[in-house]
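# Examination of the molecular architecture
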Amino acid sequence: MQQLQQTVEQYFLLAEQYFRQSFVRPEVVLSQRVSKVAGSANLSRWRLRFNAHFYTQYRQDFLQHTVPHEVAHLICHALYGRVNPHGKEWQTIMLKVFNRPAQTTHRYSLAKMPLKSFAYQCACQQHQLGVRRHNKVLKGTQYCCKQCRQVLVFSKTATP
Ligand SMILES: [Zn+2]
Ligand SMILES: [Zn+2]
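Overview of the structure. (Residues numbered from 1 in each chain as written. Chains lettered and ligands numbered in written order. Predicted model: local features only at pLDDT ≥ 70, side-chain atom pairs only at ≥ 80, totals over all residues. Heavy atoms only, no water.)

### Concerning a positive patch on the surface
The criterion, for reference: Residues enter a patch when their relative accessible area is above 30% and they make no salt bridge; the linking distance is 9 Å between like charges and 5 Å between nonpolar side chains (Val, Leu, Ile, Met, Phe, Trp, Tyr). Here the Shrake-Rupley method, with its probe set to 1.4 Å, supplies the accessible areas, and only the displayed protein chains count as covering residues. Criterion for a salt bridge: a side-chain nitrogen of Lys or Arg within 4 Å of a carboxyl oxygen of Asp or Glu. Only four residue types enter the charge count, namely Lys and Arg as positive and Asp and Glu as negative; His and the chain termini do not. One atom stands in for each charge, and that atom is NZ of Lys, CZ of Arg, CG of Asp or CD of Glu. Only DSSP runs of H or I with at least four residues qualify as helices, and only runs of E with at least two residues qualify as strands; both kinds are numbered from the N terminus onward. Type-normalised accessible area, obtained with a 1.4 Å probe on protein chains alone, sets the label of each residue: buried when under 20%, exposed when over 50%, and partly exposed for intermediate values.
A cluster of like positive charges, contributed by R33, R45, R49 and K139, occupies part of the molecular surface. In this structure, R45 sits in the loop between β2 (39-42) and β3 (47-51). Relative accessible area serves as the criterion here: at 57%, R45 is assigned to the exposed category.

Here you go:
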């Protein structure tokens with residue numbers, strides 16, 4: 001998470017140098033949700049959300065491509081307002097300011113994801129939840145242990 005936050009900061013500094021103005025820093029969220037989306041920029045909430053699984057698995061590529069891609073959306077919005085998300089303004093920020101290719105797709109694969117189940121903990125034992133239920137928990141659903149009746153809490157990402 002720290003490296004992710006630092007990389008976001010690096011790109012903000014690049015943008016500030018280039019445009020000679022300051023930008024408000026966003027909230028950065030590392031999401032445990034299983035999704036094909038590598039990252040997203042929420043312009044109204046000023047929040048960057050990154051896919052924790054892809055981040056873990058493709059860290060170098062992720063830091064070099066996904067992070068600047070999403071930061072560029074925020075910079076673009078701060079400077080130009082509502083324009084085409086991957087239009088010429090965004091592309092210019094990627095190419096000229098960040099010195100990165102303006103690519104809009106990634107090659108990260110969910111199939112490579114070793115996560116088929118997610119470890120959850122109650123008071124008495126460990127439980128394995130599948131992707132579908134795991135994603136539901138992240139959206140607010142609660143599951144209880146049938147034995148101790150405690151709410152299951154996500155304990156760690158992977159169980160091979
Ligand atoms: Zn985009
Ligand atoms: Zn239990």
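### Considerations on the packing of helix α1 (residues 2-19) against helix α3 (residues 59-80)
Stated precisely, the cut-off is as follows: Think of each axis as a best-fit line through the C-alpha atoms, taken over the contacting stretch in the case of a helix, with angles from 0 to 180 degrees between the N-to-C directions. These descriptions rest on fixed angle ranges, namely under 35 degrees for roughly parallel, over 145 for roughly antiparallel, 65 to 115 for roughly perpendicular, and the rest for oblique. By the definition used in this description, the sense in which the near helix is turned from the far one sets the handedness, with an anticlockwise turn below a right angle giving left-handed and a clockwise turn giving right-handed. Residue contacts are defined here by distance: any two heavy atoms, one from each residue, within 4.5 Å place the two residues in contact. Residue polarity is assigned by list, with Asp, Glu, Lys and Arg as charged and Ala, Val, Leu, Ile, Met, Phe, Trp, Tyr, Cys and Pro as nonpolar; anything else, Gly included, falls into the polar class.
At a minimum axis separation of 9 Å, α1 and α3 run at an interaxial angle of 45°. In this view, α1 runs oblique relative to α3, as classed from their interaxial angle. Like other packed secondary-structure pairs, α1 and α3 cross with a definite hand, here right-handed. Along its contact with α1, which presents Q3, L4, T7, V8, Y11, F12, A15 and F19, the element α3 presents R59, Q60, F62, L63, Q64, V67, P68, V71, L74, I75, L79 and Y80. Along the lines of polarity and charge, the residues of the contact of α1 with α3 split into 15 nonpolar, four polar and one charged.

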